[in-house]
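Chain residues, written in single-letter form:
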Amino acid sequence: MGVFDTIGTETHESVHFGSDPGSGLRTIVAIHSTVLGPSLGGTRFYPYASEADALTDVLRLAKGMTYKAACAGLDQGGGKAVIIGHPEALRSPELFTAYGRFIDGLAGRYITAEDVGTTVADMEIVATRTRYVSGLPIGNGGSGDPSPATARGVVAAMRAIGQHLWGSPELTGRKVAIKGVGKVGMSLAERLHRASVELVIADVDDQAAQRAAIDFGAKVVDVDDIHAVDCDVFSPCALGADLDQDSVAELACAAIAGSANNQLATEADAERIAARGILYAPDFVVNAGGIINIAAESGGYDVARAATMVDRIFDNLTEILSSAAALGISTEAAATRMADERIAAAAAKGVST
């Protein structure tokens with residue numbers, strides 16, 4: 001299947017392919033929308049089974065970034081990048097230097113940052129070749145690792161769920177099952193542990209799982225079973241497409257809120273979740289803390305100001321949950337509606353001027 005066939009009826013503005021044989025760099029950047037501003041999104045370094053898989057993923061991720069920024073009220077568009085390969089085998093200064101040159105060639109239509117498989121240190125190398133990079137160390141004028149901010153936003157979303165379902169935003173005594181305790185999932189586990197939440201976790205990395213067990217008293221279960229744990233909130237914090245027809249049928253939670261992107265395997269899964277009486281907090285609303293934290297770099301980064309901005313995810317999700325209930329639509333549809341209306345308003349304003 002070709003690039004245009006893969007894009008199908010989606011509305012991506014452009015897709016860019018880059019390579020550097022000397023360093024082994026193979027990268028794809030997808031720009032979904034620049035209506036609200038330059039596209040912003042992280043660089044995922046992952047050993048995709050095929051170039052087709054990488055293209056499909058970057059297109060889905062870029063679209064998610066558009067909706068994430070729009071729902072968060074940011075003047076940013078949506079884009080994403082992937083680097084194909086295993087980061088531990090290919091990571092080198094030469095690769096990220098070449099990648100920085102490639103990003104610079106996009107002339108600011110896409111601003112990159114770290115994501116799964118990349119680090120702040122990697123972005124520092126990228127920054128030697130382009131100014132279109134964010135999430136640099138705070139000491140260098142950036143906002144640092146966005147993972148803690150993403151985790152903070154997930155907690156804000158869980159508090160909004162608590163208010164909506166149980167009449168209180170307090171999480172003390174609640175039970176949360178986290179799938180994936182990487183950078184974001186571990187930070188989330190730590191925050192929930194401090195709030196006296198009962199934790200159940202799963203991860204393909206046994207060492208990460210055991211660390212969460214030791215540090216936060218979490219119960220460890222198999223990654224194939226975590227979605228079926230009886231709990232208040234199931235929190236997908238690994239890779240996407242976890243919520244499909246089979247897994248939705250096995251869910252035993254009251255609500256879903258996690259940091260993973262593209263959690264729904266298909267659009268129909270939002271309706272399947274709603275039909276089971278489970279509240280789904282749309283991933284692009286819940287996990288917006290990272291992009292909000294990066295957007296807070298504008299005008300000079302301040303930790304307290306950024307935290308206040310991230311905490312507004314509580315208000316954003318509350319509005320979406322109320323809208324979904326009032327209109328009789330899924331929470332995913334309500335969130336998409338909010339984003340589409342903001343993008344359409346900006347586009348109309350741009351045409352009129």
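A brief report on the enclosed structure follows.

Thresholds applied
- Residues numbered from 1 in each chain as written.
- Predicted model: local features only at pLDDT ≥ 70, side-chain atom pairs only at ≥ 80, totals over all residues.
- Heavy atoms only, no water.
- Buried < 20%, exposed > 50% of the residue type's maximum accessible area, 1.4 Å probe, protein only.
- Helix = DSSP H or I, 4+ residues; strand = E, 2+ residues; numbered from the N terminus.
- Pairing = 2+ DSSP bridges.
- Right-handed = clockwise from strand over helix to strand, strands pointing away.
- Contact = heavy atoms within 4.5 Å.
- Core = buried A, V, L, I, M, F, W, Y, C linked by side-chain atoms within 4.5 Å.
- Axes fitted to C-alpha atoms, helices over the stretch in contact; angles between N-to-C directions.
- Parallel < 35°, antiparallel > 145°, perpendicular 65-115°, else oblique.

**Quick notes on the pairing of strand β10 (residues 231-236)**
Side chains on a regular strand alternate between the two faces of the sheet.
Consideration 1: With 6 of 6 residues buried, β10 is to be regarded as a mostly interior element.
Consideration 2: Here strand β7 (residues 175-179) pairs with β10 via 4 bridges, running parallel. Within β10, the position partnered with Ile-178 by the bridge is Ser-235.
Consideration 3: The parallel pair β10 and strand β11 (residues 253-256) is bridged by helix α9 (residues 245-250), and the resulting crossover is right-handed.

**Notes on the pairing of β7**
Consideration 1: Counting buried positions over the 5 residues of β7 gives 4, a clear majority of the element.
Consideration 2: Looking at chain direction, β7 and strand β8 (residues 198-202) are connected through 5 bridges and run parallel. Bridge assignment links Ile-178 to a residue of β8, and that residue is Ile-201.
Consideration 3: Following the chain from β7 across helix α7 (residues 183-194) to the adjacent parallel β8, one finds a crossover that is right-handed.

**Details of the side chain of Ser-134**
Consideration 1: Secondary-structure assignment places Ser-134 in the loop between α5 (120-126) and α6 (147-166).
Consideration 2: Classification of Ser-134 as buried rests on a relative accessible area of 4%.
Consideration 3: Excluding anything up to four places from it in sequence, Ser-134 contacts Leu-40, Ile-111, Thr-112, Ala-113, Met-123, Ile-294 and Glu-297.

**Examining the nonpolar core**
Consideration 1: Counting 66 residues, the largest nonpolar core has Met-158, Ile-178, Leu-188, Leu-192 and Leu-199 as the members making the most contacts within it.
Consideration 2: Per-element accounting of this core gives the leading share, 9 residues, to α6.
Consideration 3: Beyond its immediate stretch of four places on either side in the chain, Leu-192 contacts Val-155, Met-158, Leu-171, Val-176, Ile-178, Val-197 and Leu-199.
Consideration 4: Ranked by size, the runner-up nonpolar core spans 19 residues in total, among them Leu-25, Leu-95, Ile-103 and Val-126.

**Considerations on the packing of helix α13 (residues 303-311) against helix α14 (residues 313-327)**
In helix packing, the relevant descriptors are the interaxial angle and the interaxial distance, both defined with respect to the helix axes.
Consideration 1: Interhelical geometry of α13 versus α14 gives an angle of 10° and a closest axis separation of 5 Å. Between α13 and α14, the interaxial angle falls into the category roughly parallel. In contact with Met-309, Val-310 and Asp-311 of α13, α14 contributes Ile-313, Phe-314 and Asp-315.

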